[in-house]
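Summary of structural features
So you can see what is in the structure, the chains are spelled out below.
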Amino acid sequence: MTTFPPMPLLPITSPSTISACRELPLRPSDIFICSYPKSGTTWTQHIVLTLLLADRKYKIADSTSCGHSDAGNTGDDLAYNHVSDYAPFFEIDAHWQSSPSNDGTKVLADSVRENHDRLGRRVFNTHLRWDMLPKRSEVDGSTPQNDDKEGYNDVNKGPSDDNDNNVHKKRPQCGKFIYVTRNQIDVVASFYHHLSNQIEGTYTDTFEIFLRDWMDGKIPFGSSLHHLIGFAGGFADNLYDTSRGHDIGDDESTGVIDQPLLLLSYEKMKSDLRTEVLRIISFLNLTHIPSHILEEEILPSFGFSSMKNNIEKFQPKSVGWLNGFQFLRKGVTGDGRRLLLNRSMNDSGGGKEEGESSELIDEYNNWVEREEYRSKISNVLQGDCFEDCREVFLSVVK
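Below, the structure is looked at part by part.

Cut-offs used in this document
- Residues numbered from 1 in each chain as written.
- Predicted model: local features only at pLDDT ≥ 70, side-chain atom pairs only at ≥ 80, totals over all residues.
- Heavy atoms only, no water.
- Salt bridge = Lys/Arg side-chain N within 4 Å of Asp/Glu carboxyl O.
- Helix = DSSP H or I, 4+ residues; strand = E, 2+ residues; numbered from the N terminus.
- Buried < 20%, exposed > 50% of the residue type's maximum accessible area, 1.4 Å probe, protein only.
- Pairing = 2+ DSSP bridges.
- Axes fitted to C-alpha atoms, helices over the stretch in contact; angles between N-to-C directions.
- Contact = heavy atoms within 4.5 Å.
- Arc of directions from axis to C-beta.

This part takes up the pattern of salt bridges. Here the structure, examined in full by the defined rule, presents 13 salt bridges. For the salt bridge of Asp-110 with Arg-113, the shortest nitrogen-to-oxygen distance reads 2.1 Å. Taken together, the residues Asp-110 and Arg-113, both in helix α3 (residues 110-119) and three residues apart, mark about one turn of the helix. Classification of Asp-110 as partly exposed rests on a relative accessible area of 36%. Taking relative accessible area as the criterion, Arg-113 reaches 37% and is therefore assigned partly exposed. Measuring nitrogen to oxygen at the nearest pair gives 3.6 Å for the salt bridge that ties Glu-359 to Arg-212. Note that Glu-359 is positioned in helix α12 (residues 359-370) and Arg-212 in helix α5 (residues 207-215), a separation of 147 residues in sequence. Taken together, the shared-partner salt bridges in this structure form one network comprising Arg-212, Glu-359 and Glu-363.

Here the focus is the sheet that holds strand β6 (residues 261-265). Taken together, the four strands give an open sheet; going across it, the order is β4-β1-β5-β6, and neighbouring strands pair in parallel fashion. Strands at the two margins of the open sheet, each flanked by one partner only, are β4 (123-126) and β6. When the angles between neighbouring strand axes are averaged without regard to direction, this sheet yields 20°. Sitting on the sheet, helix α14 (residues 387-395) touches β5 (176-181) and β6, and the angle it makes with β6 is about 50°.

Those residues of helix α8 (residues 273-283) not exposed but buried are Leu-273, Glu-276, Val-277, Ile-280, Ile-281 and Phe-283. Along the long axis of α8, the arc covered by the buried residues comes to 165°, so they all point the same way. Directly after α8, the chain includes Asn-285, whose backbone phi takes a positive value near 55°.

Next comes the structure, spelled out in structure tokens:
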């Protein structure tokens, strides 16, 4: 099992919260929107929540028209004022509170639980690695995760025993995890603009230094390649832990195996959003959204211009911003390569015009080779059955 170094954290996250995240007891209906920062997390949050709310709305309508009432729903047209209302940032201290048992552990904050109760299920967005996310179901009688502590020397390090042969320690017992990837050069460019304009932990050096710090894993959330490799391991074993007899919802009539992980690509979402949205609908088993509503009302709301016009729903509230920074900046592909080639920070006030050069591109490519990323992904995702998945993970470093 691959060992990763500790993940650097933002000032809004403490080690005790990271521990609480890993030990959260899972429910079958839980949804985690996972990514390395600046990979399309907020976009995916918006898509998932919009689909959940629409499915909820038309499920109520269907049950009402058939003369049935849904005891779990009030029939109101639930909506959100901010994307974090129902899909909060999983690993920040503000979304956790001390356990009533006063044993030093943490539980989800009352405000988070109340909003999830309104929605009828729990949804989170997270930038934690796969090895740092919860795996144990709350219906399991034992204390969540505790009997897996052997082989872990720090909740922020992940597995420390490379000889661990218990595959079930890597498999979740329930829940749904959506992982979003993006071209890494676009990620680092967007992340630089983000952290240079964020009040908490503002990055004050030039883009060149940021790039090198990012490649060295010194920026909050650590190495993006470690993040990708960790999740690739999850997709290589994309099954639920059924060792304790948990029902995971496999459809025996069709032979469809229910899986915990869905892989999305920012670039594929940009080029064919409709197909990717249909994959999300299928993965989450959302069966009540009328096709004409999806086509005429829902899909248009996922466009960048529509989100930009409703920026108040998406600008993160967990941190503050400098100089009126707009969180939804460009929403394009290829912007990072232009930045690395041009190295001009005039548009963000981050430095002087330095002219066109391929030096940073070369540094980036050398880093990818030095980390042996391509060979590690190819080794983890071997075989024809992983061809599509492997291609997504390899394409992000092109």
